[in-house]
Amino acid sequence: MAPLHVLSIHRVAVIMPQTNKSVSSCGAQGQASAPDQGEPPPQDARNHGADGDADGGVDVEEQGDAEIVRSPSDPKKYRYIELSNGLRALLISDFSRTDGKGGSENGEDQGENLGRQDEDGEEEREEEGDSGEGSEEEEEENKEEEQDSDFDELDEDIAEKKKKGNSEKQAAAALCISVGSFSDPEDLPGLAHFLEHMVFMGSEKYPAENGFDAFLKKHGGSDNASTDCERTIFQFDVQKKYFREALDRWAQFFICPLMIEDAIDREVEAVDSEYQLARPSDSHRKEMLFGSLAKAGHPMGKFCWGNAQTLKHDPKEKQINTYQRLRHFWKRYYSAHYMTLTVQSKETLDTLEQWVKEIFIKVPNNGEPRVDFSHLLQPFDTPAFNKLYKVIPVRKVHALTISWAVPPQGKHYRVKPLHYISWLIGHEGTGSILSLLRKKCWALALFGGNSETGFDQNTTYSIFSISITLTNQGYQNFYQVVDFVFQYLKMLQTLGPQQRIYEEIQKIEANEFHYQEQTDPIEFVENICENMQLFPKEDFLTGDLLMFEFDPEVISAALSQLTPGRANLLLLSPENEGQCPLREKWFGTSYNKEDILDEWAQRWSGDFNLNPELHLPAENKFIASDFALKEADCPDTEFPVRIMTNERGCMWYKKDNKFKIPKAYIRFNLISPIIQKSPENLVLFDIFVNILAHNLAEPAYEADVAQLEYRIVAGEHGLVIRLKGFNHKLPLLLKLIVDHLADFRAEPGVFNMFSEQLKKTYFNILIKPERLGKDVRLLILEHCRWSVVQKYQAVMKGLTVHDLMTFATRLKAELYVEGLVQGNFTSTESREFLQYFIEKLQFQCLSAEVPVLFRVVELPKKHHLCKVKSLNKGDANSEVTVYYQSGLKNLREHALMELMVVFPVTNHSPPYLLLENHAV
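Here is what the cut-offs are and how they apply
- Each chain carries its own residue numbering, running from 1 in the written order of its sequence.
- Predicted model: local features are reported for residues with pLDDT of at least 70 only, side-chain atom pairs are reported and counted for 80 or more only, and whole-chain, interface and lining totals are derived from all residues.
- Only hydrogens and water are set aside when side-chain values are computed; all heavy atoms of the structure are taken into account.
- Secondary structure elements are defined from DSSP: runs of H or I of at least 4 residues count as helices, runs of E of at least 2 residues count as strands, and each element is numbered from the N terminus.
- Only protein chains enter the accessibility calculation, which uses a 1.4 Å probe. A residue is then buried if its area is under 20% of the maximum for its type, exposed if over 50%, and partly exposed in between.
- Pairing between strands requires that DSSP locate at least two bridges from one strand to the other.
- Axis lines are fitted to C-alpha atoms, over the contacting stretch for helices. Their N-to-C directions set the angle, which ranges from 0 to 180 degrees.
- Note on definitions: a residue-residue contact is assigned when non-hydrogen atoms from the two residues lie within 4.5 Å.

(A) Molecular detail of unusual backbone geometry. Its identity as a non-glycine residue notwithstanding, Gln319 has a phi of 60 degrees, on the positive side. By secondary structure assignment, the location of Gln319 is in the loop between α8 (308–318) and α9 (322–333). Since its relative accessible area comes to 75%, Gln319 is described here as exposed. For Glu452, which is not a glycine, the phi torsion comes out positive at approximately 65 degrees. Position of Glu452 relative to the elements: it lies in the loop between β9 (443–449) and β10 (462–470).

Below, the structure is given as structure tokens:
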């Protein structure tokens, strides 16, 4: 699957059916420093920048490529080269991390030290709030994790922190080949994906079958690969001093891979395992069903995953030599002139250029013309489209997706018409589709746009999708929901493209680009090597990020495609049970195809009226305009220090004197003793947090799109509020949140909507083996713990809005507020933030200290085995957790303990969850 470009504010990020080649990772994600920027950026925020040394001087011999546009905050140097064999490469020299310390200018690293520790000593990871990124299924799963704070994925958080800590010594490379699953032969579905796996099975120069993976693991690295419709990407990272050798080992996969015949059966099983893991995913099921609607013979209808049936059993029956076809596919498509390479390391550009030329000049060029599918336009101009498809999902969720297939939009990257439209469709402020649906209690979330994965955008078409997570009432009235969407689109078509709105989006993204944070090297090179296939050299770094020029004709042309007569409807719901006799071939999805009801088809074909509540968004008051750096009002410190404490709370603070950019990070933890009193209280707390977020969604949405991120999370013992972004308007957002918290209200309809949603949430958690296993493990280990089963039982009993308001009053009556501010604020301003909580909420101090630290049962020193049967009978996957308990350890021993990794396994036996405990 291709990387997702962060373009749409709210969009459908449809993932391609190929999953990544999974390899254990000790990767990196660091944040590079940025220069002192006290002035606002220009409107388009484009800057060629000086490729100078760290001290500001320019090394003539190390002059980068001046044509490549980069952010003024980007300290890296770039050079573009083309080898004589046709391979194109971008070299990135990054000497910015010279102090050996990680960190983020917004406090992302240092600011996480208020998180609680669970029984393993892992730090809590609160999930993101109203992010808007990802498909509606993925977003729904994220919200499930928010609502059930007991199930935060702590291991992932630890892995992420290790990545940030290791980023100082990481070098990375990525290579993109302009061939993908569209090129699969008809009689070998999934061959491109299979080849992506097979090239890792050793080379003539380094014949060990998994030698490259072993080399990376030994030297703190990781690798991965993915197959999209028209591109395949390989990437790895490793410690800097081993980068030259790793490059040479990796390049052999494109020069002389062994792909030994004996390894075929083993790797087929790996591909089949990925397929089996993906089968319970509703998002993947939707994709396969959608692809099947394409015209006969169009590559969108291919089974891109591949499995044991298509790559092993069928070829054997048809006497197809998979091995020979595999080698032929490699020779035909893995050619140097199809490839773009990006390498990044703490080396000079000259050194990187020498390495790349010495190593990659050996990649063969077969001279064959580049594969082209651009003549296969309008793949969904078929009778199967513009229908209603009812689908039975795996999870308990009501979801509606409205999709249009429009002409390819890649050539309009400078205008980004679909991004402009998605920004309006996905808007959550007054006058938006979601605002109207929320008032009727018909919808929980809406995402619209194009993810720019190969599935969503390729040379044959582009998809524009609007996905809505419905309530029970919304499901019953889904045609009216569709009608509101069509009304809003008609309004946009009537009013035409608005330059004010376009320039507002342009300014927001220009601000973010100007003060851009440096990303994990492996993620960065992966993104850039694909950009090199899509954009001219000057836009390698900006082509997927910036809005370059307002062109109303291009936007109007895209808008004109989004009519009711060209839309396809997909309705997912467990209520469709008994109405879906059809089965999708590869994922077994139960569905039914129906004509759109005549009364609605006739209405939409005429000049229907518009709801007066639908209108364009007003001017955004949260867009930052003051980028001045504040003068420090207290001594500089290496770590946050406590600057205020009393019986109602305390405040920690650190001024940013290192990165010097106009951003800040704020975190408050409102600790209360009543949350853990009973499973009913935990359920009411989940409902409280959801309704608070619901109440804030509309007034705070403009802050969200103005790059002011906020999260409201149900922590174990308190409400966690986290904000980050440009400091100029951050206090405005914080006060908005506190005001809504103080004046908390819950309408009966909204309460019922979230109560019903929680029933689905808890159920969806319990059918996931890894989540159920964690619940069982913590029930064994913790003295006092309420399980998800108990929470499910509590919500099923029936709670009332009166119960919620009583709980909310008690919650706010006694609190202890812990705060942390880092970045471009003064200590005086930080104290005012805490004081605002105290004055606005008017709470009393705690009568007794809340036991926020966890204590666990000491296991007897012998083996324990717990087996739990999965609640999802249709899931063929199993999960094994091996838990090691130890007593007090020193720092080195704790580090050794953290090196233990838990791997999920795929099993085709009956789905049991295994939990094994070892007392150390």
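(B) Geometry of the sheet that holds strand β13 (residues 590–594). The sheet built from 7 strands is open, its strands ordered β9-β10-β8-β11-β7-β13-β12 with mixed pairing. Unpaired on one side and paired on the other, β9 and β12 (582–583) mark the two borders of the sheet. Pairing analysis gives 5 bridges linking strand β8 (residues 398–406) to strand β11 (residues 568–572), with the strands arranged antiparallel. For Ser403, the partnering residue across the bridge sits in β11 and is Asn568.

(C) Region of interest: the pairing of strand β14 (residues 641–646). Across 5 bridges, β14 lies against strand β15 (residues 649–655) in antiparallel orientation. Bridging from a neighbouring strand, Asn646 pairs with Gly649 of β15. Between β14 and β15, which pair antiparallel in sequence order, lie 2 residues.

(D) Layout of the sheet that holds strand β6 (residues 339–345). If you walk across this open sheet you meet the 6 strands as β1-β2-β6-β3-β5-β4, and the pairing is mixed. On the outer flanks of this sheet lie β1 (77–82) and β4 (222–227), each paired with one strand and no other. Recorded for the sheet is a direction-independent mean angle of 10 degrees between the axes of neighbouring strands. Direction of pairing for β4 relative to strand β5 (residues 232–239): antiparallel, over a ladder of 6 bridges. Considered in β5, the bridge of Thr227 is made with Thr232. With respect to the sheet, helix α5 (residues 243–255) is in contact with β3 (170–177), β5 and β6, its orientation differing from that of β5 by roughly 160 degrees.

From the geometry alone we can't say anything about function, so treat these as descriptive.
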